[in-house]
Amino acid sequence: MTINILILGAGFGGLQAATRLKEELNDSVDITLIDKNDSFLIGFTKFDVMFGRRSSEEVKSYYKDLGIEGVNFVQDTIVDIDTDNKIVKTISADFSYDYLIVALGADLAPEAIPGFVEDGYEFYSLRGAEKINPVINDFESGNLLISIFSKPYKCPPAPYEAAFQLHDLFVKKGIRDNINMKMLIPGPIPLPIAKNVSAEIEKLLKERNIELLKKHKVVELNPVKKEAMIENNDSVSYDLFIGIPVHKSPKVIQDSALGNNGWVSVSKDNLETNFEKVYAIGDVTSIPVGDLAVPKAGALAEDAANVVANDIVNKIQKGEKNYSYEATGSCYLEFGSGEVSKINTNFLGGTEPQITLEGPSIDFRNDKENFEKERIKKWFK
Ligand SMILES: Cc1cc2nc3c(=O)[nH]c(=O)nc-3n(C[C@H](O)[C@H](O)[C@H](O)COP(=O)(O)OP(=O)(O)OC[C@H]3O[C@@H](n4cnc5c(N)ncnc54)[C@H](O)[C@@H]3O)c2cc1C
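A short tour of the structure in this document, coming up. Predicted model, so just to flag it, every value in this text is computed and none were measured.

### Considering the environment of Ser256
Mapped onto the elements, Ser256 comes out in the loop between α8 (251-254) and β19 (278-280). Classification of Ser256 as partly exposed rests on a count of 19 C-beta atoms within 10 Å. The sequence separation of Ser256 and Phe123 amounts to 133 residues, and the corresponding C-alpha distance is 29 Å. Setting aside residues up to four positions removed in sequence, Ser256 forms contacts with Ile81 and Thr83.

### Thoughts on the sheet that holds strand β6 (residues 78-82)
Strand pairs in the sheet, formed through backbone hydrogen bonds, run parallel or antiparallel to each other. The 3 strands are arranged β6-β7-β8 in an open sheet whose pairing can be described as antiparallel. Single-partner strands in this sheet number two, and they are β6 and β8 (94-96). Neighbour to neighbour, the strand axes of the sheet diverge by 20° on average, direction disregarded.

### Describing the sheet that holds strand β14 (residues 218-222)
Pairing is antiparallel in the open sheet, where 3 strands are placed in the order β14-β15-β16. Edge positions in the open sheet fall to β14 and β16 (235-237), since each of these has one partner strand only. Each strand axis lies, on average, 25° off the axis of its neighbour in the sheet, ignoring direction.

### Observations concerning the packing of helix α1 (residues 12-25) against helix α9 (residues 298-317)
Running from N to C, α1 and α9 cross one another at 35°; their axes reach a closest spacing of 8 Å. With respect to the hand of their crossing, α1 and α9 are arranged in right-handed fashion. On α9, the residues that touch Phe12, Gly13, Gln16, Ala17, Arg20, Leu21, Glu24 and Leu25 of α1 are Gly298, Ala301, Glu302, Ala304, Ala305, Asn306, Val308, Ala309, Ile312, Val313 and Ile316. Counted by class, the contact of α1 with α9 contains 12 nonpolar, 4 polar and 3 charged residues.

### Considerations on the site of the ligand
Surveying the vicinity of the ligand reveals 36 residues, the closest of which are Gly9, Gly11, Gly43, Gly105 and Gly282. Of all elements in the fold, only α1, β2 (29-35), α2 (45-50), α9 and β22 (328-336) reach the threshold of two or more residues within the shell around the ligand. Looking at the shell around the ligand residue by residue, the classes come out as 20 nonpolar, 10 polar and 6 charged. Summarising the domain contributions, the shell around the ligand has at least three residues from each of domain 1 (3-106 + 249-322) and domain 2 (110-247).

Calculation criteria
Residues numbered from 1 in each chain as written. Predicted model: local features only at pLDDT ≥ 70, side-chain atom pairs only at ≥ 80, totals over all residues. Helix = DSSP H or I, 4+ residues; strand = E, 2+ residues; numbered from the N terminus. Buried ≥ 20, exposed ≤ 12 C-beta atoms within 10 Å, placed from the backbone. Contact = placed C-beta atoms within 7 Å. Pairing = 2+ DSSP bridges. Axes fitted to C-alpha atoms, helices over the stretch in contact; angles between N-to-C directions. Left-handed = near helix turned anticlockwise from the far one by under 90°. Nonpolar A, V, L, I, M, F, W, Y, C, P; charged D, E, K, R; others polar. Near = placed C-beta within 6 Å. Domains from an automatic or database assignment.

Here it is as structure tokens:
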């Protein structure tokens, strides 16, 4: 009987898991990939939309053009995951499985901060990136706040990237001196898991005259007074407020036995959940690193997908296990004017997380462009 592998979510993790499994197992398995959307995009292309370098259509790759031969793609919303009976329900069908890979990512909850939907802007959703573009183009003077409401959030350097690129935009327009830029973060340093890179980011912010307000957790916006309310009853006034929306585990996960009302817990070794042959990868998981957790990033979701594919191949072919999840990957930090830094990570391979920052340099621009091109070429026709 053919083995059924069901993959939930066709983002970084789901697409890579399908690719690796097909490469290794070819026609000996049936692979079904389910996603509610009609298209995929690389996370960092939202900056291109935000800054008007590309349109939303230009950054999307449609699943109708999926290039992973033999994978059955279903566009539908998953409404129930029943790990006892090994059944996943979508709005219009039920799917059984022998192996299940959950790669449903993280949902955004802008409504979690009162006043934010009414008077704040974000660039973490494609719609948010589209909406913010004319706003930043029209902004000429006043207080600009960029706030990280809470952890965890996707791609921890991304808010700083936004600040650097906004600075660059205002310098080019000759209006930087009219704008007071501040970043408000809930913690004591920019990237708590990476002290060395945090120091570098602080330096880069200072060089650009972007004030960093640490331990400033914004809990509410007052759209009438144009004030961001801080947890300790302070407030900071704004003319333009940009926030990183609160992230939460998808509802279908929270409602299932996997989510336990939050993110999915997995074995650090092979990313299997508490349920046999049920795996979870990418942003939907929470994997401890000391007191912190492996960050949510596409490159790490891809690394996780490779480990899970290896584990499934190993189980099916009864092979020798010679891999484990180290959470390795590279991520890019865009500064505007073509300059890019590269952050290389290995969170679980050693006794301490290893994180290095190279650049900024024009040289990493090609690297970043190739990161996107290679993935689209691998996953789409
Ligand atoms: C501005 C920005 C910049 C970024 N830059 C980088 C970067 O430089 N490097 C990097 O590595 N990462 C970056 N990221 C983060 C990266 O995009 C995510 O971490 C990555 O997409 C996570 O992959 P994933 O497979 O876990 O989830 P996703 O890619 O989010 O995929 C989850 C999929 O599940 C689907 N889904 C969810 N719920 C359901 C449901 N109920 N039914 C059906 N389908 C469902 C969704 O439609 C989605 O396609 C950035 C993110 C942002 C916002």
